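Descriptive structure summary
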Amino acid sequence: MNKTYHVKKNTEIEAILKNKCFKNNKYFSVYKKENSETIHFRYALSVGKKIGNAVTRNSVKRRIRAILEELPIAREKNNDIFIIAKKSILDLSYQQTKEQLEFLLNKLKITKEKNN
């Protein structure tokens, strides 16, 4: 995903957290904030040191980024999201990780509606 889709500034991440619109489960906490200043969706990731060493944390981040590229996210919406991975994510396969993250994003109405 292009770097314009990343939230980098600490103040912007704090603003997402202060909005208090979030959903969580055993594996993730996902915070959402509507942002009228941007023209598309943006995200930030947090993978703490409790998850493992740098190699493990980077692997988890790569997995989450790949999942975000695959999911039908409404990229034209002005949402900023902040994803926090929890330690139990290490027990999941790629497919299970994708299902858990997609479930939370659906609850927050970030993914596109499926046309059947």
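Look up a bit, the structure's there.
Throughout what follows, the structure given in this document is the object of discussion. (Residues numbered from 1 in each chain as written. Predicted model: local features only at pLDDT ≥ 70, side-chain atom pairs only at ≥ 80, totals over all residues. Heavy atoms only, no water.)

Next up on the list: the nonpolar core. In this structure, Phe 28, Ile 64, Ile 83 and Leu 101 are the most contacted members of the largest nonpolar core, which totals 25 residues. Every element with two or more residues in this core is listed here: β2 (28–34), β3 (42–47), α2 (54–70), β4 (79–85) and α3 (94–107). Sort the elements by how many residues they give to this core and α2 lands first, with four residues. Aside from chain neighbours lying at most four places away, what touches Phe 28 is Lys 23, Ile 64, Ile 83, Ile 84, Ala 85, Lys 86, Ile 89, Thr 97, Gln 100, Leu 101 and Leu 104. (Core = buried A, V, L, I, M, F, W, Y, C linked by side-chain atoms within 4.5 Å. Buried < 20%, exposed > 50% of the residue type's maximum accessible area, 1.4 Å probe, protein only. Helix = DSSP H or I, 4+ residues; strand = E, 2+ residues; numbered from the N terminus. Contact = heavy atoms within 4.5 Å.)

Right, let's talk about the pattern of salt bridges for a bit. One pass over the structure, following the stated rule, counts four salt bridges. For Asp 80, the salt bridge goes to Arg 42, with nearest N and O atoms at 2.9 Å. With Asp 80 in strand β4 and Arg 42 in strand β3, the pair connects residues that are 38 residues apart, well separated along the chain. Accessibility classification places Asp 80 together with Arg 42 in one group, the buried group. (Salt bridge = Lys/Arg side-chain N within 4 Å of Asp/Glu carboxyl O.)

As a further point, take the packing of aromatic side chains. One pass over the structure, following the stated rule, counts two aromatic pairs. Residues Phe 41 and Tyr 43 carry aromatic rings whose centres are separated by 6.0 Å and whose planes lie at 20° to one another, so their mutual orientation is stacked. The pair Phe 41 / Tyr 43 is uniform in exposure class, with both members buried. (Phe/Tyr/Trp six-rings, centres within 6.5 Å; stacked < 30°, edge-to-face > 60°.)

This paragraph deals with α2. Each α-helix turn comprises 3.6 residues. Residues three or four places apart therefore point the same way. For α2, spanning 17 residues, the distance from its first C-alpha to its last is 24 Å, which sits close to the expected 24 Å at 1.5 Å a residue. Those residues of α2 that sit buried are Arg 57, Val 60, Ile 64, Ile 67 and Leu 68. Buried positions in α2, seen along its axis, are confined to an arc of 100° and lie on one side of it. Among the exposed residues of α2, those oriented more than 90 degrees off its buried face are Val 55 and Arg 62. Check the buried side of α2 and you find it contacts β2, β3, β4 and α3. (Expected span 1.5 Å × (residues − 1). Arc of directions from axis to C-beta.)

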